[in-house]
Amino acid sequence: MPSADLSRLAALHGVATSYDPSPDRTVAASVTAVTRALAALGVDAGTPEAVRAALAARERERAERLLPPTVVGRGTGVPPALAALPEGTRLLVRTEQGETRPSAEDLPPGVHRVTATAPDGRTGEAHLIVAPPGLPAPPARSYGLLVQLYSLLSRRSWGMGDLADLGELADWAGRTLGAGFVQINPLHAAVPGPPTDPSPYRPSSRRFPDPVHLRIEDVPEFAYLSESRGESEGERAGAEGAAGAEGRARLEGPLRRAAELREAVLDKGALIDRDAVWAAKKAALEAVVDEVPLGPGRLAAYRDFLAEQGQALEDHATWCALAEVHGPAWHTWPAPLRDPRSPGTARARRELAARVDFHSRLAWLTDTQLTAVQRTAREAGMPLGIVHDLAVGVHPEGSDAWAQQDTLAAGMSVGAPPDAFNARGQDWGLPPWRPDRLAACGYAPFRALLQALFRYAGALRIDHVMGLFRLWWVPRGLPPTEGTYVRYDAEAMLAVLVLEASRAGAVVIGEDLGTVEPGVRETLRERGVYGTSVLWFERDWEGDGRPLPPETWRADCLATVTTHDLPPTASRLTGEHVGLRDGLGLLTRPLAEEHAEAAADTAEWLDLLTRLGLLHGHGTDGTVPVRTDGTAATEEEARIQAVHRYLLRTPARMIGVWLPDGVGDRRPQNLPGTWDQYPNWRLPVADAQGRPVTLEDLTASPRLRALLDVVRTRTDRPGGAEGADGTGGPGGVSGTGGADGAEGMGGADGTDGADRADAPGRT
């Protein structure tokens, strides 16, 4: 047990000395975990004497300072920290907009600087973050598609789904089916292989997207190297300028390889090979960049991008160039190169200027295609467009970890504590931000990250949104059980989030599955941040454990049947997910027992769906459901449609449909608890027999169309009213109607237990 002095010191630095795995149980953190967490924050607590000295220094510093490093204000009132200053304190506020004011009243939203001078002569200066009170709700209830982009292959992609495929999907879904959004996996830059870590949740950089998602043919300069344009030789020579036969020859290999990779995945049952795809795309991009100069307008746009992104892009591109020479593990680089600000790194940057420029160019090209995709989605009528995903952290050997060493906690990794679903806890291998360094710089890295993502996002999903409040820090070399929570200034983190999202006009969705401390969901709701509700977990965990009545669900959430970390709906309804886990040795109980529990769970849901009149056909109401092409739907399809009708009975303002559910896919995209035992993050969307389904076939699928017709014809009905066909209208258009009233929460909120069942499914 930590001593009284160590506990006091830890509390002053936001380090917990205990945690509550359940409401009736408290577990003390180990002295080692607390001491090492403090060390990562620059505090020596290695001996009792050091603890006493650090405690005295911290208490003296807090007593003497006039202002904390960052002050937060909400709306137009005076921020509480400034209102609490001694009477007679003079203020000088320099606003982000360039004004100088003697008061902190009625400040515009932004990140300002404030200087305070107290009557006793003390002075203090702080960052002043002023944000709107909260984010507005989306304009109307809508539904959308959820898909992992790499899994969405068309007959034009290079072995994995790309940004042109995403644009085609959004254009089709918005124009044809009235979808409001498409949610995808994180598109962050990966640490290069081989083998590249396929998980999109352990990226090299969260600020810059990965060029592996580029559609090469959509790069304007590519056209001047292509042989398939149909011009005469004279016309082609005039158009290509400096690009000639040599440049076209350099494309032959990548184009041939692209066709091979596409055919292997779609027609031969191969897994998605990200490294092979990137090798082909990189070779093509090098040919384009080497052989075709940018035109005057394109060059001006590129230079504007470089100026706008500044040091962050230069660091990222430098890391990419150095990784090509020394490998991606920057901790093993020559000592001078491990510091992004060293003279040795500056010299290497000059020597590798061409490669630094190449990687900067790729960041620009990817940014432009991402922006074009969001524009396409909005022009197709989607009120939100693309919902991007923000991973909870970055790879310890990646670009961000190298460039942001001063704001990351050395020797620490983010994870999850032991709980009822995982007695060993979890270590995700992601270095956390230091809360003290974030506050000292006015949360500049977090602000820059959000600004980058909101450039092309209509909404942003934040993975493990509870990390804005606290994170479980695991000291390097110790098991996850030997970690402890470290708290962040949630008021400041949320102020930055609300500020940047409001500037972008974007919605924010927090992934709040798993163990959530009391008050977090309420705080997020107050600031306009949506939650995530998954059908299978919405039960009355504090009561009888039965499914929550749909009208008691919260309104301010994205409601789905499943996620990328869970079995597809067909697999869960048939119990096939149990057999999959058994075959991989993941069950902790006898197979018969697991099968029986899964069957009982499914039977309970089917009984509820039948009683509510949501399960149509195959003996339930004397009819057989029919697809849009006139053919009869299967019993499985009827059940999948029924669980989505259940979502429509809730007041949830956003309804998400897992795209693979529309074609009967059985395979989860990620199976938590596995690494090389299962092909996580490498599977194309497939049908019930495991045959890959192309984007073209998806959009023509009667089964998918029938499912989306169920959802789209009911998302615009006012809440609470039963439809004539007994399916019921959705609750809460823009948060009204249903049993939840204006707040859309009503009844049982699912408290925290309703989501705990997802706790093992982090990465």
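Residues numbered from 1 in each chain as written. Predicted model: local features only at pLDDT ≥ 70, side-chain atom pairs only at ≥ 80, totals over all residues. Heavy atoms only, no water.

Colleague: Help me out: how do you make sense of the pattern of salt bridges in this one?
Modeller: Close approach of charged atoms allows side chains of opposite charge to pair. What the rule picks out here adds up to 53 salt bridges. The closest approach of N and O atoms between aspartate 367 and arginine 455, which form a salt bridge, is 2.9 Å. A residue pair is termed long-range when its members are at least 10 positions apart, and aspartate 367 in helix H11 (residues 353-379) and arginine 455 in the loop between helix H14 (444-454) and strand S15 (459-462) qualify at 88 residues. Residue class for aspartate 367 comes out buried when judged on its relative accessible area of 7%. We note a salt bridge from arginine 461 to aspartate 463, for which the minimum N-O separation is 3.6 Å. The buried category is assigned to arginine 461, whose relative accessible area is 9%. Linked by salt bridges that have partners in common, Arg74, Glu491, Glu526 and Arg527 make up one network. (Salt bridge = Lys/Arg side-chain N within 4 Å of Asp/Glu carboxyl O. Helix = DSSP H or I, 4+ residues; strand = E, 2+ residues; numbered from the N terminus. Buried < 20%, exposed > 50% of the residue type's maximum accessible area, 1.4 Å probe, protein only.)

Colleague: I'm lost on the layout of surface pockets in this one. Help?
Modeller: Gaps left between atoms are located by rolling a probe of water-molecule size over the structure's atoms. Roughly 700 Å³ of internal volume is contained in the second largest pocket. Along the wall of the second largest pocket there are 42 residues; nearest its centre are Arg206, Gln404, Trp433, Pro445 and Phe446. By residue class, the composition of the lining of the second largest pocket is 25 nonpolar, nine polar and eight charged. (1 Å grid on protein atoms, 1.4 Å probe; cavity = no way out; pocket = protein on both sides within 12 Å on 5 of 7 lines; lining within 4 Å. Points joined across faces, edges and corners; volume = space filled by probe spheres on them. Nonpolar A, V, L, I, M, F, W, Y, C, P; charged D, E, K, R; others polar.)

Colleague: Is there a simple way to explain the sheet that holds strand S5 (residues 100-101) in this structure?
Modeller: In any sheet, the strands associate via hydrogen bonds between backbone groups, in a parallel or an antiparallel arrangement. Spatial strand order, S3-S7-S6-S4-S5: five strands in an open sheet with mixed pairing. The two strands at the open ends of the sheet, each matched to only one other strand, are strand S3 (70-74) and S5. Sheet topology note: the strand S6 (residues 110-117)/strand S7 (residues 123-131) ladder contains eight bridges and is antiparallel. The residue of S7 that forms the bridge with histidine 112 is leucine 128. Across the sheet, helix H15 (residues 490-504) touches S3, S6 and S7, and the angle it forms with S7 is around 50°. (Pairing = 2+ DSSP bridges. Contact = heavy atoms within 4.5 Å. Axes fitted to C-alpha atoms, helices over the stretch in contact; angles between N-to-C directions.)

Colleague: I'm lost on empty space enclosed by the protein in this one. Help?
Modeller: Following the criterion strictly, the structure yields seven cavities of 30 Å³ or more and no others. Quantified by volume, the largest cavity comes out at close to 260 Å³. Together, 22 residues line the largest cavity, and Ala416, Pro417, His464, Tyr485 and Thr515 are the ones closest to its centre. Residue assignment for the lining of the largest cavity shows that the elements contributing at least two residues are strand S1 (18-22), strand S13 (412-416) and strand S16 (470-475). Considered class by class, the residues forming the lining of the largest cavity number 13 nonpolar, four polar and five charged.

Colleague: Mind showing me how you'd approach helix H2 (residues 31-40) here?
Modeller: Every α-helix winds through 3.6 residues per turn, so residues three or four apart in the chain are directed the same way. Taken as a whole, H2 has its buried residues at Ala33, Val34, Thr35, Ala37, Leu38 and Ala40. Against helix H1 (4-12), S13, S16 and strand S17 (484-487) lie the buried residues of H2. Positive phi appears at glycine 42, one or two residues downstream of H2, with a value of about 80°.

Colleague: What should I look at first to understand the sheet that holds S16 in this one?
Modeller: Ordered by their spatial adjacency, four strands build an open sheet running S14-S13-S16-S17, and the pairing between neighbours is antiparallel. The open sheet terminates on both sides in strands that have one partner only, identified here as strand S14 (426-430) and S17. Neighbouring strand axes in the sheet, compared pairwise and without regard to direction, differ in orientation by 50° on average. When S13 meets S14, the two strands line up antiparallel, connected through three bridges.

Colleague: Just checking my understanding: could you explain the packing of aromatic side chains for this structure?
Modeller: How two aromatic rings sit relative to each other is given by the distance of their centres and the angle of their planes. Under the definition given, this model contains nine aromatic pairs. A centroid spacing of 5.0 Å and a plane angle of 75° characterise the contact between tryptophan 472 and tyrosine 485, whose relative ring orientation is edge-to-face. Highlighted residues: tryptophan 472 in strand S16 and tyrosine 485 in strand S17, separated in sequence by 13 residues. Classification of tryptophan 472 as buried rests on a relative accessible area of 1%. Where tryptophan 605 meets tyrosine 646, the ring centres are 5.3 Å apart and the plane angle is 85°; that geometry is what we call edge-to-face. Highlighted residues: tryptophan 605 in helix H19 (residues 591-611) and tyrosine 646 in helix H20 (residues 635-649), separated in sequence by 41 residues. (Phe/Tyr/Trp six-rings, centres within 6.5 Å; stacked < 30°, edge-to-face > 60°.)

Colleague: How should I be thinking about unusual backbone geometry in this particular structure?
Modeller: For residues that are not glycine, phi is negative in most cases, and the peptide bond is trans in most cases. Put simply, glycine 193 and proline 194 share a cis peptide bond, and its omega is 5°. Looking at the element boundaries, proline 194 is found in the loop between strand S10 (188-189) and strand S11 (205-209). Residue proline 195 is reached from proline 194 by a cis peptide bond, and omega for that bond is -10°. Tracing the backbone through its elements, the reader meets proline 195 in the loop between S10 and S11. Here the phi dihedral of aspartate 106 falls at roughly 55°; this positive angle occurs in a residue that is not glycine. Looking at the element boundaries, aspartate 106 is found in the loop between S5 and S6.

Colleague: Even after reading the chapter, I still don't get the side chain of threonine 674, so can you show me in this structure?
Modeller: Turning to its location among the elements, threonine 674 is positioned in the loop between strand S21 (654-658) and helix H21 (695-699). For threonine 674, a relative accessible area of 11% translates into the label buried. Within the local environment of threonine 674, its side chain forms a polar contact with the backbone oxygen of leucine 671, the two atoms lying 2.6 Å apart. Polar side-chain contacts of threonine 674 include one of 2.9 Å to the side chain of asparagine 680. Leaving out residues up to four positions away in the same chain, threonine 674 has contacts with Leu584, Leu586 and Asn680. (Polar contact = N/O pair within 3.5 Å; in protein donor to acceptor, adjacent residues only side chain to side chain.)

Colleague: I keep staring at the confidence of the model for the chain and nothing clicks. Help me out?
Modeller: When pLDDT is averaged along the chain, the result is 90; 89% of the residues meet or exceed 70. Low pLDDT, under 50, characterises residues 228-237; the stretch is placed with five contacts to residues that sit more than four places away or in other chains. Confidence over residues 717-763 falls short of pLDDT 50; this stretch has 144 contacts with residues more than four positions distant or in other chains. (pLDDT = per-residue confidence, 0-100.)

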